[in-house]
Amino acid sequence: MKIILRFLLVAGAIMALPHLVPGIAVAGIYPALIAAAIFGLLNLVVKPIVGIVTLPINIVTLGLFGLVVNSLLLWFVGSFVAGFSVATFTAAFVGALILAVVNWIAHLF
């Protein structure tokens, strides 16, 4: 139940991103759900591998490079999912920051 709730919260945050961040566009609820699913899968599979590879950079930047990795993953999802687009890296960075806050809040509950 918790996983479904977190998934829906991330999908809702993706739906809200175009209103908060210029440069991000979502065509509807279905692209947001697909983007949330792919972003979640990438965070589950790819992010730990990239986290191990970039561990020295993460240590030097006190973990802030992880946000850059999330930004790149969000930007990749935007190029992959039809109906969801991320125009610039800056938009991806701010969007990833918002998604990180939403995930953190979802983890609290």
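Residues numbered from 1 in each chain as written. Predicted model: local features only at pLDDT ≥ 70, side-chain atom pairs only at ≥ 80, totals over all residues. Heavy atoms only, no water.

## Focus: the overall build of the chain
Then step 1. Helix and strand content of the chain: five helices and two strands.
Then step 2. Traced from its N-terminal end to its C-terminal end, the chain shows the element sequence α-β-α-α-α-β-α.
Then step 3. For a compact globule of 109 residues, the expected C-alpha radius of gyration is about 13 Å, and the chain comes in at 13 Å, within 12% of that figure.
Then step 4. A principal-axis box enclosing the C-alpha atoms of the chain has dimensions of 40 × 35 × 20 Å.
Then step 5. Split into buried and exposed, the 109 residues of the chain put 33% on the buried side.
Then step 6. Considering only contacts in the chain between residues 6 or more positions apart, those separated by 24 or more positions represent 61%. (Helix = DSSP H or I, 4+ residues; strand = E, 2+ residues; numbered from the N terminus. Rg over C-alpha atoms; globule rule 2.2 N^0.38 Å. Buried < 20%, exposed > 50% of the residue type's maximum accessible area, 1.4 Å probe, protein only. Contact = heavy atoms within 4.5 Å.)

## Digging into helix H4 (residues 65–80)
Then step 1. Over its 16 residues, H4 runs 23 Å from end to end, which matches the ideal 22 Å to within 8%, given 1.5 Å per residue.
Then step 2. The set of residues buried in H4 consists of Gly66, Leu67, Val69, Asn70, Ser71, Leu73, Leu74, Val77 and Gly78.
Then step 3. Residues of H4 that are buried in the fold lie against helix H2 (29–53), helix H3 (55–60), strand S2 (84–86) and helix H5 (89–108). (Expected span 1.5 Å × (residues − 1).)

## Description of the packing of helix H1 (residues 2–20) against H5
Then step 1. Interaxial distance between H1 and H5 falls to 10 Å at its minimum, and their mutual angle equals 150 degrees. Comparing their axes, H5 and H1 come out roughly antiparallel. When the axes of H1 and H5 are compared, the crossing they make is right-handed. On H5, the residues that touch Arg6, Leu9, Val10, Ala13, Ile14, Leu17 and Leu20 of H1 are Gly95, Ile98, Leu99, Val102, Asn103, Ala106 and His107.
Then step 2. Residue classes in the contact of H1 with H5 are distributed as 10 nonpolar, three polar and one charged. (Axes fitted to C-alpha atoms, helices over the stretch in contact; angles between N-to-C directions. Parallel < 35°, antiparallel > 145°, perpendicular 65-115°, else oblique. Left-handed = near helix turned anticlockwise from the far one by under 90°. Nonpolar A, V, L, I, M, F, W, Y, C, P; charged D, E, K, R; others polar.)

## Some remarks on a nonpolar patch on the surface
Then step 1. Among the surface-exposed residues, Leu97, Val101, Trp104, Ile105, Leu108 and Phe109 lie close enough to one another that they form a single nonpolar patch of about 690 Å² accessible area.
Then step 2. Look at Phe109 and you get exposed, because its relative accessible area is 77%. (Patch = residues over 30% accessible without salt bridge, like charges linked within 9 Å, V, L, I, M, F, W, Y side chains within 5 Å. Areas by Shrake-Rupley, 256 points an atom, 1.4 Å probe, with all protein chains shown as cover. Salt bridge = Lys/Arg side-chain N within 4 Å of Asp/Glu carboxyl O.)

## What to know about the packing of aromatic side chains
For any pair of aromatic rings, geometry is given as the distance between the ring centres together with the angle between the planes.
Then step 1. Evaluated as defined, the whole model comprises three aromatic pairs.
Then step 2. Here the aromatic rings of Trp75 and Phe89 are separated by 5.8 Å at their centres, their planes lie at 55 degrees, and the arrangement is tilted. Taken together, the residues span a long stretch of sequence, with Trp75 in helix H4 and Phe89 in helix H5 at a distance of 14 residues.
Then step 3. A residue is classified by how much of its surface remains accessible, and Phe89, at 29% relative accessible area, is partly exposed.
Then step 4. When the centroid spacing of 5.9 Å and the interplanar angle of 20 degrees are considered together, the rings of Phe76 and Phe80 count as stacked. Of this pair, Phe76 and Phe80 both sit in helix H4, four residues apart, roughly one helical turn.
Then step 5. Under the relative-accessibility criterion, Phe76 is labelled partly exposed at 42%.
Then step 6. Judged by its relative accessible area of 56%, Phe80 falls in the exposed class.
Then step 7. The structure contains a cluster of three or more aromatic residues connected by ring pairs, namely Trp75, Phe89 and Phe93. (Phe/Tyr/Trp six-rings, centres within 6.5 Å; stacked < 30°, edge-to-face > 60°.)

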